[in-house]
Number of protein chains: 2
Amino acid sequence: MYKINENYQKLPGSYLFSTIAKKVSAYTQANPGKGIIRLGIGDVTLPLAPAIIAAMHKAVDEMADAATFRGYAPDLGYGFLRDAVASQDYQSRGCGISPDEIFVSDGAKSDSANIQEIFSQDNRIAVCDPVYPVYVDSNVMSGRTGAYDAASGTWSDVIYMPCTMENGFVPEFPKETPDIIYLCLPNNPTGTAITKGQLQGWVDYANKVGAVIIYDGAYEAYISEENVAHSIYECEGAKACAIELKSFSKNAGFTGVRLGYTVVPKELKCGGVSLHGMWARRHGTKFNGAPYIVQRAGEAAYSPEGKAQLKEQVAYYMRNASAIKSGLQEAGYTVFGGVNAPYLWLKTPGKMTSWEFFDYLLEQANVVGTPGSGFGPSGEGYFRLTAFGSYENTQKALERIKGL
Amino acid sequence: MYKINENYQKLPGSYLFSTIAKKVSAYTQANPGKGIIRLGIGDVTLPLAPAIIAAMHKAVDEMADAATFRGYAPDLGYGFLRDAVASQDYQSRGCGISPDEIFVSDGAKSDSANIQEIFSQDNRIAVCDPVYPVYVDSNVMSGRTGAYDAASGTWSDVIYMPCTMENGFVPEFPKETPDIIYLCLPNNPTGTAITKGQLQGWVDYANKVGAVIIYDGAYEAYISEENVAHSIYECEGAKACAIELKSFSKNAGFTGVRLGYTVVPKELKCGGVSLHGMWARRHGTKFNGAPYIVQRAGEAAYSPEGKAQLKEQVAYYMRNASAIKSGLQEAGYTVFGGVNAPYLWLKTPGKMTSWEFFDYLLEQANVVGTPGSGFGPSGEGYFRLTAFGSYENTQKALERIKGL
């Protein structure tokens, strides 16, 4: 008789955002006609930029003509997109990343879940706490996290780096030595960024202890402060210890379009084995490229018109971020983030738990946020709101919260 | 120091089609101006059907307007597509598969590589030999295949089911009991189909020995004979033992569009654990949905216009298949397949190995095919040609081969 992967049975509950979707759906079914405002999952609301729409129409037309039709894409992505990424996201910032170190994918969620596959099962991971759930869950599924302790909400073999008010939400080097360090900066869910100097400290630390950093830069476009690095490869020595994941979801509104990329530098080696070669092999065997139309849409994000339009979109969301921050502060909340990231991280009022505050906000204000505890035990007592709503809805949500 | 997944190091050489691409690229660089005809990788050449193009333009326009913009898709696929699949691919054939048993993905390659993840590492897989390389390679990467023996080209823990001229390319029940059985029917690479009665035999066998069947139906649209099943769920008892993978690549020309789906029936359980729930969890954690535009394109494949147009495309390719078959037979080759599948499987002439014939055909006729040995040891001495070229190129390739 065949057997299942028992690691799946260890996962407590369902994926965070699936749970939230079910709760919201149950509430709206029981209370039809309530105007729910969703500031929970980090989903964008602005339509795709005109330059991107034009590129997609053009690509669709190419697919309608045998002379310009495109079948299977090159395994690792089209040259036109890898070139644009390498030159505009890296070379323009002095990071010597070449196009063939860019691996185009269907999004950073897939990449951040899949990247653990190329590492040994007995590697020890370190994550910020709170953290994007995919890092830990994907390691649970592959049997790398040990036993779950329901009381503390932690895994025996995971090294947690608490990020709380006490340390300004900045992770500290862990006491135990990790093999794989996940860093998401600017951070989801806390909205925190660290300085380039602090990031250099992490690169030096990884090189010293022989760890690899999985650097999730999904929110890079939201950086507003000068001393924050846009890529980990701005740091000396990062190419020897870091893989960088990037998304088009938050800078170009591609949550429903699906595009991302991973950078694996050729000099990143483990005992002489090239991680670049391993990731290429995984792509070649388990993935068949992002759609041509979507890769053309991605390319348009780098055109002069595209860049100008996307800059406006980011500014639109950041206006929301700053409105939420000041609005909630006026209402007496303690609020973090929202400066270099589209996320606001607030302390729940009184002694409310994160899920209590979720229910309270859903039922009393019809506003959906994300309970901080869903991101890890140190998220308990916090709550995430996103700046990705429309300006009007964001204002309306604030009015409702202020009126509680 | 972190460590890598050592299983990757066991993989001999690169992914088959990457190797071919490199060989062809080297040849064309050394011999510019040669008109290479590609009948190797199973990539389509006809442009997307008008009904699909229209659906994509419409969906792109929806993404340009905040009122109709779509962000994150539902984890498992949009209802409009799951409904169309369930009703037209299953319920219309008397298979009681419901929409929520359909998991929409970015293609059958990803699904066929990822599906092994939900099973225990010590399960034993059985594959046809020759076989689509992804089944074995994805199991190598997860450490399920034992040691590689370079001399025989086999893995110690894989059960091979030879499919050769001697058994009409129809796999026989293996002597050792497998846990997971991969079946691709109609078959890639041999082009063979089996009768519904024979398939029922496999379902009965799996239920008897407690195995699960991964049924790859990527070439279902090419079935021309009456007594061949279009889905494994046409067989009694299949919902208790089979997962079915389907692709839009070969019936709708989506190789560069990327769409597929997996059926995991709710009654498929292992010791009380629902595989449906496990696959849902994998999708929720490691995937973020196929693009909205692509799912609308998929829906259009089920419209009356779409279906009529795709039927013509399949007929076009099958005209190629039949021309290749008769042309090669005239030239003295022994040829199989091409009746229920877009693949022709021929014996290499004389004592040529598959790779020798590959080089011979590339250099002498400038035609690219796929060496049978690339699909497994029993593929040695065979060669695959595909019917996916244009009619003109297919004719030209035949002329060249006949002229050798």
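Structure: see above.
Nothing here was measured: the structure is a model prediction, and the numbers come from that model.

Enquirer: Explain the pattern of salt bridges to me, and be specific about the residues and the numbers.
Expert: Counted by the stated rule, this structure contains 22 salt bridges over all chains. A salt bridge links R124(B) to E176(B), with the nearest nitrogen and oxygen atoms 3.0 Å apart. Taken as a pair, R124(B) in the loop between α5 (108-114) and β3 (125-129) and E176(B) in the loop between β6 (159-162) and β7 (180-184) lie far apart in primary sequence, 52 residues in all. With relative accessibility at 23%, the residue R124(B) sits in the partly exposed group. By relative accessible area, which is 42% here, E176(B) ends up partly exposed. One network of salt bridges, with partners in common, ties together R93(A), E220(A) and K246(A).

Enquirer: Quick rundown of the packing of helix α11 (residues 304-330) of chain B against helix α13 (residues 391-402) of chain B? Include the residues and the values.
Expert: In a pair of packed helices, the angle between the axes and the distance between the axes together describe the arrangement. Residue and element names in this part refer to chain B. Relative orientation of the contacting elements α11 and α13 amounts to 10°, with a least axis distance of 10 Å. Comparing their axes, α13 and α11 come out roughly parallel. Counting all contacts with α11, which are made through Y316, R319, N320, A323, I324, G327, L328 and E330, the residues of α13 involved are Y391, E392, T394, Q395, L398, I401 and K402. Among the residues forming the contact of α11 with α13, the class breakdown is 7 nonpolar, 4 polar and 4 charged.

Enquirer: Summarise the environment of S303(B); cite the residues concerned and give the values.
Expert: Residue and element names in this part refer to chain B. When you line up the elements, S303 lands in the loop between α10 (292-300) and α11. A C-alpha to C-alpha distance of 40 Å links S303 and N366, two positions 63 residues apart in sequence. Of the polar contacts made by the side chain of S303, one reaches the backbone oxygen of A300; its length is 2.9 Å.

Enquirer: An account of the interface of chain A and chain B is requested, with residue identities and associated values reported.
Expert: Facing the 83 residues of chain A at the interface are 83 residues of chain B. Both faces combined, the contact of chain A with chain B buries some 6800 Å², and carbon together with sulfur accounts for 59% of it. At the junction of chain A and chain B, the tally comes to 4 salt bridges. Notably, a salt bridge pairs R281(B) with D137(A), separated by 3.2 Å at the nearest N-O pair.

Cut-offs applied
Residues numbered from 1 in each chain as written. Chains lettered and ligands numbered in written order. Predicted model: local features only at pLDDT ≥ 70, side-chain atom pairs only at ≥ 80, totals over all residues. Heavy atoms only, no water. Salt bridge = Lys/Arg side-chain N within 4 Å of Asp/Glu carboxyl O. Helix = DSSP H or I, 4+ residues; strand = E, 2+ residues; numbered from the N terminus. Buried < 20%, exposed > 50% of the residue type's maximum accessible area, 1.4 Å probe, protein only. Axes fitted to C-alpha atoms, helices over the stretch in contact; angles between N-to-C directions. Parallel < 35°, antiparallel > 145°, perpendicular 65-115°, else oblique. Contact = heavy atoms within 4.5 Å. Nonpolar A, V, L, I, M, F, W, Y, C, P; charged D, E, K, R; others polar. Polar contact = N/O pair within 3.5 Å; in protein donor to acceptor, adjacent residues only side chain to side chain. Buried area = accessible area lost by both parts, 1.4 Å probe.

Just geometry here; none of it tells us what the structure is for.
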